[in-house]
Amino acid sequence: NGLQNPWRGKTLRSGILSDNTSPYNILIGSDYYGLNADYLNYVEQVTGIHFFLSGYNSPQALQQALKMQQIDLIFGLPENQLPKGVWASKPYYVSPLRVLRSRQNARQIMVNSQGSEIAISKMTGMQAYSRIRKLTANITSFDNNLQAIYSLLNGKSDYMIADEAS
């Protein structure tokens, strides 16, 4: 006798952020691609669970939908944006981090100094925000890596921390 899987054939209503954050979320029309889509597809194949995805434009909208029981779970929300009382599993995919610094920045400060200004994209923040927060409170989170690199090159940040995948 095999093990019974009570979830096989059931549908979970899952909320996701509906922004294009390659390589994690790639939305083209109503099609969902990227690392997160691959992961959900794998879970679906292994467990028999079906996912019904609904996109939301902000973490706050996702949390409100969960509270109103419009969705059963939130998928792909950065750990640093979880409200009190909501828990998440560790990210299934962790990419090596890179620390970048502009050669034009003459300020003598180390990345782990309390006064250092750190720029990160929200996708990098999904896996590294809490670790970086232990180094300094001066973290600026940007929607994407391009905005974070501009902050570094324009001298508004001392360092940029990026993950290799994005």
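Counting from 1, residues in each chain are numbered in the order their sequence is written. Per-residue local features are limited, in this predicted model, to residues with pLDDT of at least 70; the limit for side-chain atom pairs, both in listing and counting, is 80 or more; totals at the level of whole chains, interfaces and linings are taken over all residues. Calculated side-chain values reflect all of the structure's heavy atoms, with hydrogen atoms and water omitted.

Examining the overall build of the protein
Definition in use: For helices the rule is a DSSP run of H or I covering at least 4 residues; for strands it is a run of E covering at least 2, with both sets numbered from the N terminus onward. Classification of residues uses two cut-offs on accessible area relative to the type maximum, computed with a 1.4 Å probe and protein chains only: under 20% is buried, over 50% is exposed, and between them is partly exposed. Here a residue-residue contact requires only that any non-hydrogen atoms of the pair lie within 4.5 Å. For the accessible areas, the method is Shrake-Rupley and the probe is 1.4 Å, while residue cover comes only from the protein chains on display.
When helices and strands are tallied, the protein shows 4 helices and 9 strands. Walking the protein from its N terminus toward its C terminus, one meets helices and strands in the order β-β-β-α-β-α-β-β-β-α-β-α-β. Taking all 166 residues of the protein together, 36% fall into the buried category. Considering only intrachain contacts with a sequence separation of at least 6, the fraction spanning at least 24 residues in the protein is 60%. Roughly 10500 Å² of accessible area belongs to the protein as shown, and the carbon and sulfur atoms make up 52% of that amount.

Some details on the sheet that holds strand 4 (residues 50-56)
In plain terms, the rule: Two strands are counted as paired when DSSP detects at least two bridges linking them.
Strand order in the open sheet formed by 3 strands is 4-1-5, and the pairing between neighbours is parallel. The strands lining the two open edges of the sheet, one partner per strand, are strand 4 and strand 5 (73-74). Strand direction decides the pairing type here: strand 1 (residues 11-17) and strand 5, joined by 2 bridges, are parallel. Looking at the pairing, serine 14 lines up with leucine 73 of strand 5.

With respect to the confidence of the model for the protein
The condition that has to hold: Predictor confidence is given residue by residue as pLDDT, running from a minimum of 0 to a maximum of 100.
On average, residues of the protein score 83 in pLDDT, and 89% of them are at 70 or above. Of all secondary-structure elements in the protein, the lowest mean pLDDT belongs to helix 3 (residues 122-133), at 77, while helix 4 (residues 145-153) reaches the highest, 92.

Let's talk about unusual backbone geometry
Even without a glycine there, the phi angle at glutamine 69 is positive, about 60°. Residue position: glutamine 69 is located in the loop between helix 2 (59-67) and strand 5. With relative accessibility at 62%, the residue glutamine 69 sits in the exposed group.

Here's the deal with the environment of serine 151
The test is simple: We define a polar contact as two N or O atoms separated by no more than 3.5 Å, with the added condition that, inside protein, one atom must be a possible hydrogen donor and the other a possible acceptor, whereas residues neighbouring each other in sequence contribute only through side-chain atom pairs.
Looking at the secondary structure, you find serine 151 in helix 4. The exposure class of serine 151 is buried, given its relative accessible area of 7%. As a C-alpha pair, serine 151 and threonine 140 span 11 residues in sequence and 9.2 Å in three-dimensional space. Here serine 151 is in contact with Ala119, Phe142, Lys156 and Ser157, once residues within four sequence places are set aside. Of the polar contacts made by the side chain of serine 151, one reaches the side chain of serine 157; its length is 2.5 Å.

Thoughts on the nonpolar core
Soluble, globular proteins show a tendency: their nonpolar side chains are buried together. Counted only if it meets this: Here, nonpolar core refers to any group of buried Ala, Val, Leu, Ile, Met, Phe, Trp, Tyr and Cys residues whose side-chain atoms link them within 4.5 Å.
By size, the foremost hydrophobic cluster in this structure holds 9 residues: Leu12, Ile16, Tyr32, Ala37, Leu40, Val43, Ile49, Phe51 and Phe75. Counting residues per element, the ones that place at least two in this core are strand 1 and helix 1 (35-47). Counting residues per element, this core draws most heavily on helix 1, which supplies 3 residues. Ignoring anything within four residues of it in the chain, the contact list for valine 43 reads Gly48 and Phe51.

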